Every structure is written in structure tokens, then in C-alpha cells.
Amino acid sequence: MASFFYDEDDQAAENEPESPPTPLFWRIVGKFFKYSFWALIILINGLVIWRMCFSDITPKEASTVEGNHELAAAYRRALMSDEASNGFAICQPGHDTITNDSITNPLDPEKKITNYGYFSLLNTVIFPSANQIQTVLRYNNSTLEHLKEDYALEFKPDKTLDWYDVTLRVLVDSTPDDPSDNDDPEIVQLVRIKPLRTASASKSLYSYRRFTFHGIPDIGNIIEIYVDIYYEGDVDYSASPYGQLCIYAKDARTENYDLSKKDINAIENAE
């Protein structure tokens, strides 16, 4: 009966000589490449998760609204009405927040370059009753590499230093009751506002600058507001900026900006 279940392939397998063991050296090499492969997979996934979850978090020095005397006084007035919860802090989230313009090549005015991704804006807040705007400019290390290349600098810009002149370009309508003449340069007034204060922060990939602009004209008379960015070594307000982003347009949808508890504490405790 036993021979009935005995397969000829089994017999052939028994007759084959056993394979010699793999030499120790090649076993070590095999394990090395095996573990190296899995370690590389884990490292790549770890870097992706770290970049997604941690590298893009704005530091607290740049993420919280700056409390200052002018803003605190306006907030106290707003608390006496419903403005503190409706209209005290507003924003227009529909605008582009990353530069993507064709700009003049600093080394050759006849040529153009694209500043895609050079700069981005975060947490832009408009305080109409305080005549104030706060925004956070963010750029990564590659932007500084582009700066070195675009201006043929002989040194690598230090990310802890300020390399950019940042101002507001405000277009004001001298006849707000007549919107038909908003394209007339004799009617539209250009107001340039420099930052009242700047706060700096940096992480491994990004640099952050929070700007507080004070002295903004009446929001009801404003047509558009731009953040203009120039290289500190080439500031010419009559020329096109190195980067520009629109943060307000009269006809765009406006939303209330929700102040966090940290924002309110910073405003209320301002000296």
C-alpha cells in the first residue's frame, strides 16, 4: 500500500544531491542589501511624513498676531460694539498666495525669468478700524539660491539675515463714489507703506518674516493692495518688484478672520 502513494518525483528528489550551503560572505552581503533596502524605504517615508507634518508648521514667532498699542486701542473700541466679532479682523482668501510672475532678469533687462514659488504669504489679516495689516512672508532655502543666481552674488545669502525690502503698495480711489475711473492714473493714488515692525523666525527648510503695516487708508477707498518684494541691493520702486502678491481687491469676497485665543491675548496684553 505504501508504494501506491510513492511518487516518482519524490524518488527523483531523494536521489538528487543536496545543494552546497551558501558561503558565509555572500549570506552577509545578501542580508546587508536586504536590510539596507528596507532602511532606505523607512527613511524615505519618514522624511515625507516629517515634511508633511512638521516642516510646514509656522513658528509661533510668526504665526500669532502681533499685539501693539494701536491694535489694542482699536480692539477695546470694537468690544463696545459688535465689531469685535464681525469685521474687526478680515481677510480675502481668494487671492494667489505664491508668486508666479514673469519678471525682468536683473542681469539682463531684455530677458525674463519666472519667480514661481519664490515667495508665499500666510495668515494675512486686515484690521480696518486699526488701519493695520499683518502678514507672514515665507520663502525656502531654494529662494536664496535663486537670489544668488539671479543677481550673480559672490556669496551664499545667510537665511538668518534680511535680504528683502517688503512694502505695501496701496491703490487708493480719489473718487470712491465713481468706480468707472479706477483705471485713470490721475484719479488713483499710489500709497507705499513700510512695515512698522518685523518679526523673524526660521526652520530647517523655511524662513519667515511677519510684517506689521500701520497707517492703511480707509478700506472703503482702496482699490487694491499688493505686497511688493525687492532685493535689498536693488530697490527701485519705479521698477517691477522681484515678487508681488495681491492681498486685497475691492470687488473680491471678504471674510471675517477668526482670531485665536493667542491672538486675542497678544492684542489685549500689548503694551
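Please refer to the structure higher up on the page.
I will try to describe carefully the structure that is included in this document. (Residues numbered from 1 in each chain as written. Predicted model: local features only at pLDDT ≥ 70, side-chain atom pairs only at ≥ 80, totals over all residues. Heavy atoms only, no water.)

**Points about the overall build of the chain**
The condition is simple: Comment: elements are numbered from the N terminus, with helices defined as DSSP H or I runs of at least four residues and strands as E runs of at least two. The buried label goes to any residue with under 20% of its type's maximum accessible area, the exposed label to any with over 50%, and the partly exposed label to all in between, with areas taken from a 1.4 Å probe on protein chains only. Whether two residues are in contact is decided by their heavy atoms, any of which lying within 4.5 Å being enough.
The secondary structure content of the chain amounts to six helices and twelve strands. For the chain, buried positions account for 36% of its 271 residues. For the chain, restricting intrachain contacts to residue pairs at least 6 apart in sequence, the fraction spanning at least 24 positions comes to 66%.

**Brief notes about helix H5 (residues 141–150)**
Using the following cut-off: Picture the helix axis, draw a direction to every C-beta atom, and the arc is the one those directions span.
Of all the positions in H5, only Thr143, Leu144, Leu147 and Asp150 are classed as buried. What you see down the axis of H5 is that its buried residues fit within an arc of 125°, all on one side. On its buried face, H5 sits against strand S2 (102–105), strand S3 (108–114), strand S5 (132–140), strand S6 (164–173) and strand S10 (222–231). Looking one or two residues past H5, Ala152 carries a phi angle of roughly 50°, positive in sign.

**Quick notes on the nonpolar core**
Definition in use: As used here, the term nonpolar core means buried Ala, Val, Leu, Ile, Met, Phe, Trp, Tyr and Cys residues forming a set that is joined through side-chain atoms within 4.5 Å.
Counting 33 residues, the largest nonpolar core has Leu147, Tyr164 and Leu168 as its most contacted members. Only strand S4 (120–127), S5, H5, S6, strand S9 (206–214), S10 and strand S11 (243–249) provide two or more residues apiece to this core. Residues within four places of Leu168 in sequence aside, it is in contact with Ile133, Val191, Arg192, Ile193, Phe213, Ile216, Ile225, Tyr226, Val227 and Ile247.

**Remarks on the sheet that holds S6**
Going by this rule: The criterion for strand pairing is that DSSP finds at least two bridges linking the strands in question. Only C-alpha atoms enter the line fits that serve as axes; for helices the fit covers just the stretch in contact. Angles between N-to-C directions range over 0 to 180 degrees.
Pairing is antiparallel across the open sheet formed by four strands, whose spatial order is S7-S6-S10-S11. Looking along the sheet, the strands with just one partner apiece sit at the ends: strand S7 (188–193) and S11. Strand-to-strand, the axes of this sheet are offset by a mean angle of 20°, without reference to chain direction. In the sheet, S6 pairs with S10 via nine bridges, with the strands oriented antiparallel. Looking across to S10, one finds that Val166 is bridged to Ile229.

**Structural notes on the environment of Ala252**
Along the polypeptide, Ala252 turns up in the loop between S11 and strand S12 (255–256). Relative accessible area serves as the criterion here: at 30%, Ala252 is assigned to the partly exposed category. Taking the C-alpha atoms as reference points, Ala252 and Pro93, separated by 159 residues in sequence, lie 9.3 Å from one another. Beyond its immediate chain neighbours, meaning those up to four positions away, Ala252 contacts Gln92 and His95.

**Describing unusual backbone geometry**
Of note in this structure, Asn123 is not a glycine but carries a positive phi near 50°. Considering the arrangement of structural elements, one finds Asn123 in strand S4. Positive phi, normally seen in glycine, also occurs at Asn131, with a value near 50°. On the secondary structure map, Asn131 appears in the loop between S4 and S5.

**Brief notes about the packing of helix H4 (residues 69–79) against helix H6 (residues 261–268)**
Going by this rule: Roughly parallel here means an angle under 35 degrees, roughly antiparallel means over 145, roughly perpendicular means 65 to 115, and every remaining angle is called oblique.
Direction vectors running N to C along H4 and H6 enclose 105°, while the axes themselves pass 8 Å from each other. It follows that H4 is roughly perpendicular to H6 by the angle criterion. In contact with Leu71, Ala72 and Tyr75 of H4, H6 contributes Ile264, Ile267 and Glu268.

**Examining the pattern of salt bridges**
We count it as follows: Each salt bridge in this description consists of a side-chain nitrogen of Lys or Arg and a carboxyl oxygen of Asp or Glu lying within 4 Å of one another.
Within the structure shown, the criterion is met by eight salt bridges. Between Arg197 and Glu70 there is a salt bridge whose closest N-O contact spans 3.8 Å. With Arg197 in strand S8 (residues 197–202) and Glu70 in helix H4, the pair connects residues that are 127 residues apart, well separated along the chain. Here the salt bridges share partners, and the residues they tie into one network are Glu66, Glu70 and Arg197.

**Quick notes on the pairing of S9**
Buried residues dominate S9, accounting for eight of its nine residues. Looking at chain direction, S5 and S9 are connected through nine bridges and run antiparallel. Looking at the pairing, Leu137 lines up with Arg209 of S9. In sequence, S8 turns back onto S9 through a hairpin of three residues.

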